[in-house]
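Fold and geometry: a report
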Amino acid sequence: TKLYEVVEGKAKILAPDPSAYSREGKYDPSWAPVFYNPKMTFNRDASVIAVSLLSPKSILDSMSATGIRGIRYNLESVSPDETIFNDKNPAAITLLRINVERNGLKNYKITQLDANVAMHQFKVDFTDVDPFGSPSPFTLGAVASTRRGGVIALTATDLAPLEGSSRASCFRKYGVRTSKLSYSKEAGLRILLGKVVRDAALFERGVVPLFSFYKEYYYRLFVKLEPGAKRADKSLQELGTMYECTKCGYIFLDTDPCIRSCPLCGGSLLSSGPAWTGSINDEVFLDKMRSVLEKFSYLKSYSELSYLLNLLKNENKYKLYYNLSVIASKLRTNMRPIHKVLECLGDASRTHFNNVGIKTSREFKEVVECLKSS
Ligand code: SAM
């Protein structure tokens, strides 16, 4: 394998040299013998901060590839008693050994297992699942490997099923009958959280989403698992259905999965569920992330992270986002500048999900009025 040195955060690792694995001037990290994607630096930077607040004594990096995540958690977040690096790819194991050594890690173990085997074999405080595509085949395993009160982190890059473009695949992977909703980005995250809730319930755990976001082509989430059948039931009660009226554009969440017509105009409804209807971020956890952020000012994503965390905090008190361009086209009107709509609504926020989206506590008719009036 032709390698080059990558510096990311405080880690210096060897990764496959893109120039050696390019085809016709193009490069996709999955073409290399071991996977390393520089575009995921933001995901890892955000994770380093989150893990620093969790202070896990043990970590399972269940899909390590080069080891960059687990290495960075050790160098930048915490000093765990043990980190288990795992990957089923033998080439990754060879590179992992080199990278872990190069970065001077002490308390670690390297295993070459299927992630689900590893997750049923080891018990840790924090499990990281970072697959190609859907994390769905691994969510149950992640719950199994995580001790009471521990946290799991998941990456999902399968946006087509989650956002409602591949409906059959969404039913297959998530057991969710979905539709293409105007707030598809948030819908995808809520479907994924719903899946985690149902898998956690099998092990009698409730869930608290600590930190979840969408970016470009993936979701990343940190979910705390709380022990007890009662807590599991309480989380299950927060599952519901996401709706959207095809006629007026009204959107809402409801625990009743069988609503047929729009409560505002009687129009027919699109629906998607079961999905998580609760908060997708924990206010206290976000505040903690914001308060430690300065310690991470060396990160490449520092200012972007600061922007994201502030936005997540602002939008967290509201439910679904309105896609203003969809509503404007339903009304056959031009979209007013978003800051004007926000001003008009008063109690409202932009959303990180979509730059023409807003979240508000105001009623739908006020959103429509504010969008129209100039
Ligand atoms: N975590 C890495 C990072 O941040 O750079 C990237 C992980 S990469 C997206 C996915 C990795 O999971 C690959 O190295 C692949 O070999 C491994 N993998 C895929 N399916 C697996 C499975 N069922 N069990 C164990 N490893 C698996």
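It should be emphasised that the depicted structure is a prediction, and the values quoted were computed from it without experimental measurement.

What follows is about the site of the ligand. In the neighbourhood of the ligand, 17 residues make up the surrounding shell, with Met63, Arg69, Asp87, Ala115 and Asp130 lying closest. Between the ligand and arginine 69 there is a distance of 2.9 Å, counted from an oxygen atom to a side-chain nitrogen or oxygen. In the model, a nitrogen atom of the ligand is placed 2.7 Å from a nitrogen or oxygen of the alanine 115 main chain. A breakdown of the residues in the shell around the ligand according to their chemical character gives nine nonpolar, two polar and six charged.

What follows concerns the packing of aromatic side chains. In this structure the tally under the stated criterion is 18 aromatic pairs. For the pair phenylalanine 35 and phenylalanine 132, a centre-to-centre distance of 5.1 Å together with 70 degrees between the ring planes defines the contact as edge-to-face. Here phenylalanine 132 lies in the loop between strand S6 (124-129) and helix H5 (139-145) and phenylalanine 35 lies in the loop between strand S2 (11-16) and helix H1 (41-54), a separation of 97 residues in the sequence. Its relative accessible area of 63% is what places phenylalanine 132 among the exposed residues. Plain terms: the ring middles of tyrosine 73 and phenylalanine 126 are 5.7 Å apart, the flat faces sit at 75 degrees to each other, and that makes the pair edge-to-face. Taken together, the positions of tyrosine 73 in helix H2 (residues 68-77) and phenylalanine 126 in strand S6 put the pair 53 residues apart, joining distant regions of the chain. We note that tyrosine 73, like phenylalanine 126, is buried. Through a chain of ring-to-ring contacts, the aromatic side chains of Phe42, Tyr73, Phe126, Phe211, Phe213, Tyr217, Tyr218 and Phe222 assemble into a single cluster. The lysine or arginine in question, arginine 23, covers the ring of tryptophan 31, its NZ or CZ lying 4.2 Å from the ring centre. In this arrangement the basic side chain of lysine 215 is found over the ring face of phenylalanine 42, its NZ or CZ atom lying 4.6 Å from the centre.

Domain parsing of the chain yields domain 1 (3-238) and domain 2 (283-372). Relative to domain 2, the C-alpha centre of domain 1 lies at a distance of 26 Å. Facing 27 residues of domain 1, the contacting portion of domain 2 comprises 24 residues. Summed over both sides, the interface between domain 1 and domain 2 buries roughly 2300 Å², with carbon and sulfur atoms accounting for 73% of that surface. Summed over the shared surface of domain 1 and domain 2, the number is two salt bridges. Notably, a salt bridge pairs lysine 215 with glutamate 304, separated by 2.5 Å at the nearest N-O pair. It is H1 that provides the largest number of residues to the side of domain 1 that touches domain 2, a total of 10 residues. Here the residues of the side of domain 1 that touches domain 2 are counted per class, giving 13 nonpolar, six polar and eight charged.

A few words on the state of the cysteines. Scanning all chains against the criterion turns up one disulfide. The disulfide that involves cysteine 344 links it to cysteine 370, with 2.0 Å between the sulfurs. Judged by the sign of its S-S torsion, about -75 degrees, the cystine formed by cysteine 344 and cysteine 370 is left-handed. Placement of cysteine 344 in helix H13 (residues 338-345) and of cysteine 370 in helix H14 (residues 364-372) is noted, with a sequence separation of 26 residues between them. Cysteine 265 provides the cysteine sulfur closest to cysteine 248, a residue in no disulfide bond, and the two sulfurs are 3.7 Å apart. Cysteine 262 takes part in no disulfide bond, and the closest cysteine sulfur to it belongs to cysteine 245, at a distance of 3.8 Å. The class for cysteine 262 is buried, based on a relative accessible area of 4%.

Conventions used here
Residues numbered from 1 in each chain as written. Predicted model: local features only at pLDDT ≥ 70, side-chain atom pairs only at ≥ 80, totals over all residues. Heavy atoms only, no water. Near = heavy atom within 4 Å. Polar contact = N/O pair within 3.5 Å; in protein donor to acceptor, adjacent residues only side chain to side chain. Nonpolar A, V, L, I, M, F, W, Y, C, P; charged D, E, K, R; others polar. Phe/Tyr/Trp six-rings, centres within 6.5 Å; stacked < 30°, edge-to-face > 60°. Helix = DSSP H or I, 4+ residues; strand = E, 2+ residues; numbered from the N terminus. Buried < 20%, exposed > 50% of the residue type's maximum accessible area, 1.4 Å probe, protein only. Lys NZ or Arg CZ within 6 Å of the ring centre and 35° of its normal. Domains from an automatic or database assignment. Contact = heavy atoms within 4.5 Å. Buried area = accessible area lost by both parts, 1.4 Å probe. Salt bridge = Lys/Arg side-chain N within 4 Å of Asp/Glu carboxyl O. Disulfide = S-S within 2.5 Å.

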